[in-house]
Amino acid sequence: MQRFGLVRELVDPDVHARTVGRFREARIALPTFAQLTDPGLIPRGVREALAGIDPDAAHPLNLFRIHWFNDHRRTGLAAVPQHIVLPPSLTGVESPIVVALGDRFPLIRAHKVLAAYGCLAPQLATGRFDPTRQRAIWPSTGNYCRGGVAISRLMGCRGVAVLPEGMSRERFEWLEAWVTDRSDIVRTPGSESNVKEIYDECARLSADPDNVVFNQFSEFANHLIHYYATGAALERVFRAMADMNPRLRLCAFTAATGSAGTIAAGDYLKERFGSKVVAVEALECPTMLYNGFGEHHIQGIGDRHVPLIHNIMNVDLVVAVSDRATDRLDLLFNTAEGLAYLARRRGVDTSLLEALSSLGLSSLCNVLAAIKAAKYFGCGPDDAVVAVATDGAAMYTSERALTLAEYFPRGFDEVAAGEVFGEHILGATTDHLLEPTLIERERIFNLGYFTWVEQQGVSVDDFCARKKPEFWTAMREIVPVWDGMIDELNARTGVLDQL
Ligand SMILES: Cc1ncc(COP(=O)(O)O)c(C=O)c1O
């Protein structure tokens, strides 16, 4: 497991000592994986101190808000993670589509800050990253680099965002406000699907030993934090719903894969509820489905490769969703005309209409995949399909004008809203969908060879080890070890004792 970055010993005591010094001076404490999974375990003193802190401020205590249990104001704790339940009037299927809301996360209003923290914390606790001297490099096609830059700043170290130049203006504006030096935003050629170019830039940057790359596509900590924190959060949501309807079953979890961190929650849910794991990708770049390639607009789901941390052999269904659908639904859910149509013609509740702005493009993709999966599995009113909204529509305001110009140059009215609803929701079918056989899973698994063995130098043995279920279950033993080391780091700084 060492070979996979799953290090359980103190690697460099000097680095660790410098980290303790920095954290003591800057009053930084780290939450454990267990606390981010169950925030009820966060010490009372921290929770009380947090009450007066803006969730988007660069305050180190906000690290304790990197979980799914923030309430709607994002200042206090909710008993059940914030979520919406999409009814048949909005989805055209009988089964409830349940969506946990990622825009309740602090700092970046998106769930990727959880993955960034999950990748950085173990490296700090084991003395592998020196926040006083090294730069943290965050390669990303979406929000991960924003999460990485945010937590780097909270820890007083330099964070560098590496992302394609074609990502949304809102992302770049956010980054410009958060980096300490403009050169810490590195733009790579292309857009969403150009992950190879990001890898190339990281290889260049890592020639300097003071740059440490946190590669979300191969950091198993990304898988682990989602397995526990996202998995348990969705379990809590489902159990709260099942308390009201004891007949409710958890049918499936859908996740559009970028790094394939989030989809680890599907493994967690499958082990507890027997639910299906549904991996989703853009139809314009159908890598898992057709070994395909191409460009698309569903920001955050970078592709044309299979991440090292994707447990492909546990995938039950692969679904492709077109960016034509996600772009146009973004218009439907975020314009007065679209909302008026949904209220008047579909009878959708006002409170739900207001919540639709919590669905960014990849969230809409997850919802459409949930509708397709519900149709494919023949789900009824007692079969819930669960998904996450990774970020909200606010990240895509500038993109909306482009969608309008492309699809509705004469304006978006209620007739157009009806066309969009009819085509993409009522017209969603079970096309571009695969329930893979063993051979088909192996075909997708083997695609990863070209990235990881040929390009990135992973050994064939290590690559193949990931085919066995035991590989994924065995790695979980490391989480309590990391938590113990995080507790020890906090004990040495004494920061928590002063709260
Ligand atoms: C907006 C958005 N959606 C979806 C994803 C995919 O999540 P994951 O990387 O956990 O597969 C990302 C990842 O960056 C994202 O930023």
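For the structure, check the block above.
What you see is a predicted model; the values in this text were computed from it and never measured.

Basis of the calculations
Residues numbered from 1 in each chain as written. Predicted model: local features only at pLDDT ≥ 70, side-chain atom pairs only at ≥ 80, totals over all residues. Heavy atoms only, no water. Pairing = 2+ DSSP bridges. Helix = DSSP H or I, 4+ residues; strand = E, 2+ residues; numbered from the N terminus. Axes fitted to C-alpha atoms, helices over the stretch in contact; angles between N-to-C directions. Contact = heavy atoms within 4.5 Å. Parallel < 35°, antiparallel > 145°, perpendicular 65-115°, else oblique. Left-handed = near helix turned anticlockwise from the far one by under 90°. Nonpolar A, V, L, I, M, F, W, Y, C, P; charged D, E, K, R; others polar.

Q: Tell me what's going on with the sheet that holds strand β3 (residues 135–139), and back it up with residues and numbers.
A: If you trace the 4 strands from one edge of the open sheet to the other, you get β5-β4-β3-β6, paired in parallel fashion. Two strands in the sheet have a free side with no partner beyond their single neighbour: β5 (185–188) and β6 (211–213). Strand after strand, the sheet turns through a mean of 25° between neighbouring axes, direction not considered. With 3 bridges connecting them, β3 and β6 associate as parallel partners. Residue pairing for β6: I137 is matched across the bridge by V213. Contacting β4 (158–164) and β5, helix α7 (residues 169–178) crosses the sheet at an angle of about 150° to β5.

Q: Quick rundown of the sheet that holds strand β10 (residues 383–389)? Include the residues and the values.
A: Taking strand neighbours across the sheet as the criterion, the 7 strands line up as β1-β2-β10-β7-β8-β9-β11 in an open arrangement whose pairing is mixed. Two strands in the sheet have a free side with no partner beyond their single neighbour: β1 (83–86) and β11 (433–434). Looking at chain direction, strand β8 (residues 276–282) and strand β9 (residues 317–321) are connected through 5 bridges and run parallel. Of the residues in β9, the one forming a bridge with A282 is V321. Contacts between helix α9 (residues 220–244) and the sheet are confined to β1, β2 (97–101), β7 (249–256) and β10, with β10 contributing the most and set at about 140° to the helix. The sheet strands contacting helix α15 (residues 361–377) are β1, β2, β7, β8, β9, β10 and β11, and the helix crosses β9 at an angle near 125°.

Q: Talk me through the packing of helix α13 (residues 336–344) against helix α17 (residues 414–426); I want residue IDs and the actual numbers.
A: The axes of two packed helices give the description: the angle between them and the distance between them. Two numbers describe how α13 lies on α17: the axes approach to 8 Å, and their chain directions differ by 70°. Considered as vectors, α13 and α17 are oriented roughly perpendicular to each other. Viewed along their axes, α13 and α17 form a crossing whose handedness is right-handed. In contact with E337, G338, A340, Y341, L342 and R344 of α13, α17 contributes E414, A417, G418 and F421. Of the residues assigned to the contact of α13 with α17, the class counts are 5 nonpolar, 2 polar and 3 charged.

Q: Please give an account of unusual backbone geometry that cites residues and values.
A: It is generally the case that most residues other than glycine have a negative phi and that most peptide bonds are trans. Positive phi values are uncommon outside glycine, yet L107 reaches one of about 70°. Within the secondary structure, L107 sits in the loop between β2 and α5 (112–125). Look at H432: it is not a glycine, yet its phi comes out positive at around 50°. Along the chain, H432 turns up in the loop between α17 and β11.

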